[in-house]
Amino acid sequence: TNLTNANLSHCLFVSPNFYRASLYNTAMHNTVILGGDLMRTQFEETDLHESALIGVNAQETCFKNANLRRAALINANLKDSDFTGANLTNARFSSSNVAGADFTEADLSGARAHNVDWRKAKVPPGTIPEPLIEIPKWAWIVLIGGLVGVIALIIYGITNKRQKSG
């Protein structure tokens, strides 16, 4: 499929089959792609800013010089994909496979990630994205204290109920 220079912005694609499609220089900003086959698709110089790729198989896909600014890549298979020179500023990665991916000269400033093993990338990004959620150390103490308090209230409620009925 040749969709070079097409305008597919503001669309919702559910399980599309873009296998080996050419979307060179295509406008796809503010687009959501749910599932589907993007394997070996050419997104070179494509504008995907503020888009979401959720649960897609984008293995061996070319994102060279693509604009993925503020994009979300969630549960995406990006194995062996090429992000050379891509703009991934403020992008969000979650539970995505980047094994064998090439991030040469990709801009990931401000990007955040959760459950992504950047060490498996062929060429990891120059700047590894910060964690998606960073909980301060003091918050863990508050959370554990709250959990202990809830457990204590449950035990108190059970023992108090037994005393009243017995």
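The rules behind the values
Residues numbered from 1 in each chain as written. Predicted model: local features only at pLDDT ≥ 70, side-chain atom pairs only at ≥ 80, totals over all residues. Heavy atoms only, no water. Helix = DSSP H or I, 4+ residues; strand = E, 2+ residues; numbered from the N terminus. Rg over C-alpha atoms; globule rule 2.2 N^0.38 Å. Buried < 20%, exposed > 50% of the residue type's maximum accessible area, 1.4 Å probe, protein only. Contact = heavy atoms within 4.5 Å. Pairing = 2+ DSSP bridges. Salt bridge = Lys/Arg side-chain N within 4 Å of Asp/Glu carboxyl O. Phe/Tyr/Trp six-rings, centres within 6.5 Å; stacked < 30°, edge-to-face > 60°.

Observations regarding the overall build of the chain
When its secondary structure is counted, the chain shows one helix and seven strands. The linear arrangement of helices and strands in the chain, starting from the amino end, is β-β-β-β-β-β-β-α. For 166 residues, the compact-globule estimate of 2.2 N^0.38 gives 15 Å, and the C-alpha radius of gyration of the chain, at 22 Å, exceeds that figure by more than 25%. Dimensions along the principal axes, computed over C-alpha positions, put the chain at roughly 80 × 35 × 25 Å. Taken across its 166 residues, the chain has 37% of its residues classed as buried.

Here we look at unusual backbone geometry
Unlike most non-glycine residues, N90 shows phi in positive territory, near 60°. Relative to the assigned elements, N90 resides in the loop between β4 (72-74) and β5 (92-94). Look at S95: it is not a glycine, yet its phi comes out positive at around 50°. For S95, a relative accessible area of 29% gives the class partly exposed.

Focus on the side chain of Q59
Along the polypeptide, Q59 turns up in the loop between β3 (52-54) and β4. Leaving out residues up to four positions away in the same chain, Q59 has contacts with M39, R40, N77, K79 and S81.

Topic: the sheet that holds strand β6 (residues 112-114)
Strand order in the open sheet formed by seven strands is β1-β2-β3-β4-β5-β6-β7, with parallel pairing between adjacent strands. Of all strands in the sheet, those with a lone pairing partner are β1 (12-14) and β7 (130-131), marking the two edges. Bridge analysis of β3 against β4 gives three bridges, and the strand direction is parallel. Bridge assignment links L53 to a residue of β4, and that residue is L73.

Section: the pattern of salt bridges
On inspection of all chains with the given rule, the structure shows five salt bridges. With a closest N to O distance of 3.8 Å, D82 and K64 form a salt bridge. Of this pair, D82 sits in the loop between β4 and β5 while K64 sits in the loop between β3 and β4; the two residues are 18 residues apart in sequence, bridging distant segments of the chain. Look at D82 and you get buried, because its relative accessible area is 18%.

A look at the packing of aromatic side chains
The tally for this structure, following the rule as stated, stands at six aromatic pairs. Measuring from centroid to centroid gives 4.8 Å for F83 and F103, while their planes differ by 5°, and the two rings are stacked. One end of the pair, F83, is in the loop between β4 and β5; the other, F103, is in the loop between β5 and β6, and 20 residues separate them in sequence. We classify F83 as buried; its relative accessible area is 0%.

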